[in-house]
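Geometric and topological summary
Below are the chains, spelled out letter by letter.
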Amino acid sequence: MTIERIEMALLKLPYVHFFETSFSREYDRTFIIARVYEDGVCGYGEVVAEEAPLYSGETTEGAWHVLKTFFIPMVFAEGIMEPADYAAKVKRFRGNLMAKGGLELAFWDLKAKKAGVPLAKLYGGVRDEIEAGVSCGIEDSIPELVDRVGAFIGEGYRRIKLKIKHGWDVEACAAVREKYPDILLQVDANGAYSLADKEQLKKLDAFKLLLVEQPFPPYDLWDHHKLQKEMTTPLCLDESILSLETTRAAIEMGSCRIVNIKVGRVGGPAEMRKIHDYCEAQGVPVWCGGMLESGIGRAHNLHIASLPNFKLPHDLSASRRYYKEDLIDPFIELSGPGRIRVPEGPGIGVNPVEGRIRRATLKQEVFRK
Ligand code: OSB
Ligand code: MG
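Criteria and cut-off values
- Residues numbered from 1 in each chain as written.
- Chains lettered and ligands numbered in written order.
- Predicted model: local features only at pLDDT ≥ 70, side-chain atom pairs only at ≥ 80, totals over all residues.
- Heavy atoms only, no water.
- Salt bridge = Lys/Arg side-chain N within 4 Å of Asp/Glu carboxyl O.
- Helix = DSSP H or I, 4+ residues; strand = E, 2+ residues; numbered from the N terminus.
- Near = heavy atom within 4 Å.
- Polar contact = N/O pair within 3.5 Å; in protein donor to acceptor, adjacent residues only side chain to side chain.
- Areas by Shrake-Rupley, 256 points an atom, 1.4 Å probe, with all protein chains shown as cover.
- Domains from an automatic or database assignment.
- Axes fitted to C-alpha atoms, helices over the stretch in contact; angles between N-to-C directions.
- Parallel < 35°, antiparallel > 145°, perpendicular 65-115°, else oblique.
- Left-handed = near helix turned anticlockwise from the far one by under 90°.
- Contact = heavy atoms within 4.5 Å.
- Nonpolar A, V, L, I, M, F, W, Y, C, P; charged D, E, K, R; others polar.
- Phe/Tyr/Trp six-rings, centres within 6.5 Å; stacked < 30°, edge-to-face > 60°.
- Buried < 20%, exposed > 50% of the residue type's maximum accessible area, 1.4 Å probe, protein only.
- Lys NZ or Arg CZ within 6 Å of the ring centre and 35° of its normal.

Now for the pattern of salt bridges. Applying the stated criterion across every chain yields a total of 35 salt bridges. The closest approach of N and O atoms between Arg359 and Glu325, which form a salt bridge, is 3.4 Å. Taken together, the positions of Arg359 in helix H13 (residues 354-360) and Glu325 in the loop between helix H12 (319-322) and strand E12 (328-329) put the pair 34 residues apart, joining distant regions of the chain. One network of salt bridges, with partners in common, ties together Arg159, Lys161, Lys163, Asp188, Glu213 and Asp315.

Rendered as C-alpha cells:
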C-alpha cells in the first residue's frame, strides 16, 4: 500500500462571537484541512496557522506553500506512510511547525482508522473524559465580559480563561473574581507585556489564578524567569514552547511551572509526545491549548488530552462555543459539568461532513505521486 493522494482545502468559518486577544479582534477563522488517502481510508488533519502572522510567524498561505512545495512531494518521493517516519523526515526542514503538524495529524488519524482504534488508544491515553475549559476574549466592556463568563458557567463550564492586555487585566480579573469567587480562573496575555510591566503583573497574584499564560513575547525566556521569581502564581508558557528543547530551557531556567501544549505549535504529535513525557518526568503538569480549531482539530486535541500528564483543564470547549455549523457529526458537547468525552470511534472518532467542508472551502488542491 502507498499513499494514493493528499488533498488540501483552505476553509473559512464564521465564529458565533468575535474573538479578541491582545493582538486583534477576529470574526472568522481561516485554516487548512489536510486529507491523506490510503486504500480508500482517509485521515484528517487541521493546520492551525492563522491568516495573519500575529500569534505565530506562520500563516495559512505560507503553510499552503511549504506543504505543496516541500512536505507533500517528500511524502510521495520517499514513500512515507507512517506518522513516525513522516515526523522524522520532515524535521530536515526548519520551522513551519504548524504546517508540519497538520499533515502529521492526518497520518495519525489514518493509522488509527486502519487499526480500527480511537487515536487516544494509539497514543496511550488514560482517560475517556477530559476537563473542558473556555477561553474568553476581550469584550467592549467589563460588564459584558462578566455576563459572558456567567453564561459559560451556566452552560456548565468550570474553568474560565480571560484574555488580558494593557488596560484590560487587573480590572477584568477583579470583576470576574468578585462575581465568581470560587471558579477556576486563569489569564492569557499572548505576549503583550514586558519586564517593565512587572509591578502591574504582580498584582495578578491577588486573584487566586491557576496560572498566568505567556505574559512576554515568545523568545523572552529569561525575562519570564525574572517575573516568575517574584510571583506566587505559576507562569505557563504557550508561544515559547516550540520543541522539546525550548521546553527544557524554560523548565531548567525556571521560566514557567506549567506548560501549554498545542500539537500544531510544536510541529505535530511526535514532538508533543516528547514534551509531554519530559514534563511528566520533571513533575511539570501540562494542559491542551486550543487555536479555535474546527471540530476536526478539536477532536484531535481531545485524544491528545487523554494522555496521563494532561492534568489541568484545557482550552477545549463544545462545538457551539465556536461555530454554528461545525464540520463534524456529532458536534462536540459537554458530557457533564465541565467535561467532554473523548470520542470512541476509530481515528479522531467524529465524522467530518463533506458537504459542510465544501461550503466553507475557499480553494482546494489534490496531489498525487
Ligand atoms: O493563546 O491560547 C491562545 C486562540 C487562538 C490563538 C491563540 C490562543 C487562542 C485561545 C483559544 O485562547 C482557545 C480555544 O481554542 O478554545
Ligand atoms: Mg495562549
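This is not the end of the story, as more comes after the structure.
Here the focus is the site of ligand 1. Around ligand 1, 16 residues are found, and the nearest of them are Ser135, Asp188, Asn190, Leu292 and Tyr322. Tyr322 is positioned with one of its side-chain polar atoms (N or O) 2.7 Å from an oxygen atom of ligand 1. Burial of ligand 1 by the protein amounts to 99% of the accessible area it has alone, namely 390 Å². Lining the shell around ligand 1 are residues from two domains, each supplying at least three of them: domain 1 (5-116 + 354-367) and domain 2 (121-341).

Running from amino to carboxyl end, helix H2 (residues 83-90) crosses helix H3 (residues 97-115) at an angle of 165°, the nearest separation of the two axes being 9 Å. Of the possible angle classes, the one that applies to H2 and H3 is roughly antiparallel. With respect to the hand of their crossing, H2 and H3 are arranged in right-handed fashion. Residues Pro83, Tyr86, Ala87 and Val90 of H2 form the contact with H3, whose own contacting residues are Ala99, Lys100, Leu103, Glu104, Phe107, Trp108 and Lys111. In terms of residue class, the contact of H2 with H3 is built from 8 nonpolar, no polar and 3 charged.

Moving on to the packing of aromatic side chains. Under the criterion given, the structure shown has 8 aromatic pairs. On the numbers, 5.8 Å between centres and 35° between planes, the contact of Tyr15 with Tyr323 is tilted. In this pair, Tyr15 sits in strand E1 (residues 5-20) while Tyr323 sits in the loop between H12 and E12, placing the two residues 308 residues apart along the sequence. You can call Tyr323 buried: its relative accessible area is 1%. On the basis of an interplanar angle of 55° and a centroid distance of 5.3 Å, the ring pair of Trp108 and Tyr123 is categorised as tilted. Taken together, the residues Trp108 in helix H3 and Tyr123 in helix H4 (residues 119-123) connect sequence positions 15 residues apart. Since its relative accessible area comes to 15%, Trp108 is described here as buried. Ring pairing ties together the aromatic residues Tyr15, Tyr322 and Tyr323, which thus form one cluster. Taking NZ or CZ as reference, Arg25 lies 3.8 Å from the ring centre of Phe18, over its face. Sitting above the plane of the Tyr322 ring, Arg321 keeps its charged end 5.0 Å from the centroid.

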